[in-house]
Amino acid sequence: MNRRPVELLAPAGSPDAYRAAASAGADAVYLGAKAFNARAQAQNFDDGTLVNVIEDAHIRGMKVYLVLNTLIKDSEIQEAVKLASFVYQEGIDGIIVQDPGLVRLLREIMPELPLHASTQMTIHNTDGVKAAKRMGLQRVVLSRELALSEIREISRSTDMELEVFVHGALCISRSGQCLLSSFIGGRSGNRGRCAQPCRLPWKKGSSGCCGEYLLSPKDLMTLELLPDLIAAGIVALKIEGRLKSPEYVAAVVSVYRKYLDLALANPSAYRVDPADIRMLELVFNRGGFTKGYLHGVNFQDMMSTEHPKHWGVRVGTVERTEGNTRSRYGIRDDDRLVKIKFTAETRMGDGLEIWDAQKGNPSAIISVMLQNNVHVKSARPGETLLIGNFKADPAAGSPVYKTYDRELMESLRGNMDKNVPRVAVTGIFRLLTDEKPVLRVSDEDGNTVETQGHQPAQQAAEKPVTAERASAQLKKTGDTPFFFRDLQVITDNKSYIAISVINDLRRQALGILSERRKNAPKRTPVTHPRLNASYFPGNAPNLTKKREISLYFYRMPEDFYWKGLQAHRAYLPLSEDKSFDAVKENGIQVFAIIPPVLSDKQMQWAVNRVAEIRDKLDGILTGNPGMLQRMCEAFPELPAALDFRMNLFNSWALEAFREYHPVSAMLSVEMNMEAISEIKSPGIPLETYVYGEIPVMTLEYCPASDQGNCSRKCGSCTRNRGTLTDRTGKGFFY
């Protein structure tokens, strides 16, 4: 198990969000450039701004990770590599990647560049971590669907750095295995353009107990579990939110900084203050928070089926208003005053949303507060006021939520603008008569700077500069990120120099130290033939003359007539071995489909199962690097084919898995004909999906769980199959 320092990793979707994270105490940030990242809608960073952030972060003792976590076409991969090369020489601390082809290429070109496996790689078991290490990755962002017990077991089995998400939005599908946005609207999540159709209304054949947002989870919040995650061996705690505001980043990072420090310093005294949770709810929540899968599964508690956006906190209820509700203090004719009885303090400038779906859930920033026809600036619990200006008259009894707290937001913005000294330095200041004053400053990274005054100190005629006065002046580090942890002043207590000289020595020393810290991580420019190669990785496609048809079964029909089928191969579920003999008798190869998601315990079951039916198999089909790793390790003589779930999007992705000697590779189902035509695949026959149903989500969550408690015994459950219908009437089986 790792015992390395624990890193608090914050999102930075914009320069302002970066500054918010730095001021709030983040150890590191992750951010995207203008291309090749999974949050294309974020502001992101151009080259110049990216360099500025890297330099500023290194001065402050922070790390910066660039996100390159999308699938990349052959025609784009040179551009992606050049972007990686650019940030590499500028001193980036690591790159977060999804595409196995990009991993393969970067390992060859920049072997010293730290690479982290994005959660988009769907690594969720010990064998997946081993596969990542074999690929040359240094850190793995584990799938969000893991329980603490599973994380513990993975950590015990590897020396790889492990990172987990601790706060923010949850995807309902396993990351990297969601095609819903791509297939519904042509906006691929694997290409950074997810439209979040999971947050829209859905219906299913049987009525449930809750609302219509059946695929919308609450946000993750793990404050109570930080000591457990640290004890499990996690080295990086990641906050989601590159599309969130700087204020959100400031609030969440500051709270997690507080509790991470407490968990590291005194875990036995660890307690979470409800006031901090309320602050997190005020900046963003979807009906409260969930611990996700970390403490087992409670699907009903995990979902936010009533409302998919920010709820805020409940502050009151609408009461019946008599007479004309038109606001005399509004600008438009449809401005309305609403009578609200408050249960929590609310002020002018706060934002409210009233839940009345018939009236479109009216919302407003409070500009009018009337109590007994007198203007007031706030409402206390128990008070009833007329509030404006809304654009509708909501029904009496409608709940009122505060979605924006002006005072909190102003406080967060104020904190974002403050400089927070975070780099400890030691100093020695020498002040003796007839000698030039000297200041030596050292940081904890081994950098030492010495500055010297231009003129010798004079013997004081009246008041000498005492050690106390010199020390107080030197400690005024102002808007720099430095503070003196230890400062020694050597003086004869009878010397005099102008205070301005001391100030100049301090400014010069800290300025030079900043430059050294900024430039220390920079690297020499990369020179490698792959940076300008015309083709990746070969010069021509490997075109086989023979065209063959494979059949892919997710579930076997009860009766299937195999005789006379002009098929070369059949991919069949591992559990359907009763059909294998009939298939082989008709001259068709049998490849068992290894499920794409398996826990460590389930993985052992799969290995045992393959061993039992080995004589019936011509090969296996794997859809995850961990499964490929384990199966090839357990059955080195058994041919392995690569499934479309491997997200093979370019020629280098095929090269990444060549060492496993795959007998065929199925390309990503998101590729168009142009992208497919670019693929070069010497020695690995290619397959592509041409007809049939495609799984658009890989769910741990069961859509039928809103009809009662989930037993987790899917095989014997009578509710685990049905249809989800989107708002356009399209149906999706589950």
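Residues numbered from 1 in each chain as written. Predicted model: local features only at pLDDT ≥ 70, side-chain atom pairs only at ≥ 80, totals over all residues. Heavy atoms only, no water.

Caption draft 1: Local environment of the overall build of the chain. Each helix and strand in the chain was counted, giving 19 helices and 36 strands. For the chain, the spread of C-alpha atoms along the three principal axes comes to 110 × 75 × 50 Å. By residue count, 55% of the 734 residues in the chain fall in the buried class. By sequence separation, contacts in the chain at least 24 residues apart represent 69% of the contacts at least 6 residues apart. (Helix = DSSP H or I, 4+ residues; strand = E, 2+ residues; numbered from the N terminus. Buried < 20%, exposed > 50% of the residue type's maximum accessible area, 1.4 Å probe, protein only. Contact = heavy atoms within 4.5 Å.)

Caption draft 2: Main features of the packing of aromatic side chains. Summed over all chains, the structure comprises 17 aromatic pairs. Seen in terms of ring centroids, Tyr552 and Phe644 are 6.2 Å apart; in terms of plane orientation they differ by 50°. Their pairing is tilted. Linking Tyr552 in strand S28 (residues 550–552) with Phe644 in the loop between strand S32 (640–642) and helix H18 (651–656), this pair joins segments that are 92 residues apart in sequence. Comparing Tyr552 with Phe644 shows no difference in burial state: the two are buried. Between Phe644 and Tyr689, the aromatic rings sit 5.5 Å apart at their centres with planes inclined by 80°, giving edge-to-face as the arrangement. Placement of Phe644 in the loop between S32 and H18 and of Tyr689 in the loop between strand S34 (686–687) and strand S35 (723–725) is noted, with a sequence separation of 45 residues between them. Residue Phe644 is classed as buried on the basis of its relative accessible area, which comes to 5%. Residue Tyr689 is classed as buried on the basis of its relative accessible area, which comes to 18%. (Phe/Tyr/Trp six-rings, centres within 6.5 Å; stacked < 30°, edge-to-face > 60°.)

Caption draft 3: Local environment of the environment of Pro557. Turning to its location among the elements, Pro557 is positioned in the loop between S28 and strand S29 (569–573). Distance in space between the C-alpha atoms of Pro557 and Ser579 is 10.0 Å, their sequence separation being 22 residues.

Caption draft 4: A look at the side chain of Glu145. Mapped onto the elements, Glu145 comes out in the loop between strand S6 (139–141) and helix H6 (148–156). Contacts of Glu145, omitting those with residues within four sequence positions, involve Glu150, Cys171, Ser173, Arg174, Tyr293 and Glu700.

Caption draft 5: Representation of the sheet that holds strand S8 (residues 203–204) in the model. An order of S8-S35-S36 is seen for the three strands of this open sheet, with the pairing classed as antiparallel. Strands with a single pairing partner mark the edges of an open sheet, and in this sheet they are S8 and strand S36 (731–733). In the sheet, S8 pairs with S35 via two bridges, with the strands oriented antiparallel. Residue pairing in the sheet places Lys203 in a bridge with Thr725 of S35. (Pairing = 2+ DSSP bridges.)

Caption draft 6: The nonpolar core, seen in detail. Membership of the largest hydrophobic core comes to 158 residues, with the highest contact counts inside it found for Leu66, Ile95, Leu137, Leu229, Leu237 and Tyr256. Considering each element in turn, this core owes the most residues, 11 residues, to helix H9 (residues 246–265). Here Leu137 is in contact with Val97, Val103, Leu115, His116, Ala117, Met121, Ala132 and Met160, once residues within four sequence places are set aside. If you look at the next biggest cluster of nonpolar residues, it comprises 28 residues, including Phe591, Phe644, Met666 and Tyr734. (Core = buried A, V, L, I, M, F, W, Y, C linked by side-chain atoms within 4.5 Å.)

Caption draft 7: A look at the pairing of strand S3 (residues 63–68). Taken across its six residues, S3 has five buried, putting it largely inside the fold. For the crossover that starts at strand S2 (residues 28–32), traverses helix H2 (residues 47–59) and ends in the parallel S3, the hand is right-handed. Two strands pair when backbone bridges link them, and S3 and strand S4 (residues 94–97) are joined in this way by four bridges, in the parallel orientation. What sits directly across from Val67, in S4, is Ile96. (Right-handed = clockwise from strand over helix to strand, strands pointing away.)

Caption draft 8: Spotlight on the side chain of Thr119. Residue placement: Thr119 occurs in the loop between strand S5 (115–117) and helix H5 (126–135). Other than its neighbours up to four places away in sequence, Thr119 contacts Val141, Leu142, Ser143, Arg144, Phe165 and Ser175.

Caption draft 9: How the structure looks around the pattern of salt bridges. The full count for this structure, using the stated rule, is 48 salt bridges. Across the pair Arg156 and Glu153 runs a salt bridge, and its minimum N-O distance is 2.5 Å. Highlighted residues: Arg156 and Glu153, both in helix H6, separated by three residues, approximately one helical turn. The class of Arg156 is partly exposed, set by a relative accessible area of 49%. Note that Arg517 and Asp445 form a salt bridge whose closest N and O atoms lie 3.1 Å from each other. Residue Arg517 is found in helix H14 (residues 499–519), and its partner Asp445 is found in the loop between strand S23 (438–443) and strand S24 (448–452); the two are separated by 72 residues along the sequence. Where salt bridges share partners, they join Glu7, Arg139, Glu161, Glu163 and Lys238 into one cluster. (Salt bridge = Lys/Arg side-chain N within 4 Å of Asp/Glu carboxyl O.)

Caption draft 10: Seen up close, the packing of helix H16 (residues 600–612) against helix H17 (residues 625–634). At a minimum axis distance of 11 Å, the contact between H16 and H17 shows a crossing angle of 40°. Relative to H17, H16 is oriented oblique. Handedness of the H16/H17 crossing: right-handed. Here Met603, Gln604, Ala606, Val607 and Val610 of H16 lie close against H17, whose contacting residues are Gly626, Met627, Arg630, Met631 and Ala634. Grouping the amino acids of the contact of H16 with H17 by side-chain chemistry returns seven nonpolar, two polar and one charged. (Axes fitted to C-alpha atoms, helices over the stretch in contact; angles between N-to-C directions. Parallel < 35°, antiparallel > 145°, perpendicular 65-115°, else oblique. Left-handed = near helix turned anticlockwise from the far one by under 90°. Nonpolar A, V, L, I, M, F, W, Y, C, P; charged D, E, K, R; others polar.)

Caption draft 11: Representation of the environment of Glu247 in the model. Structurally, Glu247 can be placed in helix H9. Residues Glu247 and Gly168, 79 residues apart in the sequence, show an inter-C-alpha distance of 14 Å. Apart from residues no more than four positions distant in its own chain, Glu247 is found in contact with Met409, Leu412, Arg413 and Met416. Side-chain polar atoms of Glu247 contact the side chain of Arg413, separated by 3.0 Å. (Polar contact = N/O pair within 3.5 Å; in protein donor to acceptor, adjacent residues only side chain to side chain.)

Caption draft 12: Fine view of helix H13 (residues 467–474). Those residues of H13 not exposed but buried are Ala467, Ala470, Ser471, Gln473 and Leu474. Projected down its long axis, H13 shows its buried positions confined to an angular sector of 165°, all on one face. (Arc of directions from axis to C-beta.)

Caption draft 13: The environment of Val315, seen in detail. One can find Val315 in strand S12 (residues 313–318). Between the alpha carbons of Val315 and Asp334 there is a distance of 24 Å; along the sequence they are 19 residues apart. Discounting residues that sit within four places of it in the chain, Val315 has contacts with Lys341, Phe342, Thr343, Ala344, Thr346, Leu352, Val400, Tyr401 and Lys402.

Caption draft 14: Quick peek at unusual backbone geometry. A cis amide bond links Gly388 to the next residue, Asn389, at an omega of 5°. Within the secondary structure, Asn389 is located in strand S20 (residues 384–390). Positive phi, normally seen in glycine, also occurs at Asn44, with a value near 65°. Of note in the backbone geometry, Asn361 takes a positive phi value of approximately 50° without being a glycine. Along the chain, Asn361 turns up in the loop between strand S15 (351–354) and strand S16 (363–365).

Caption draft 15: Spatial organisation of the sheet that holds S15. One open sheet holds the eight strands; their spatial order is S16-S15-S21-S12-S13-S20-S17-S18, and the pairing between them is antiparallel. Strand pairing shows two members of the sheet lacking a second neighbour, S16 and strand S18 (374–375), which therefore form its edges. The sheet contact formed by S12 and strand S13 (residues 336–342) spans three bridges and is antiparallel. From the neighbouring strand, Gly316 faces S13, where its bridge partner is Phe342.

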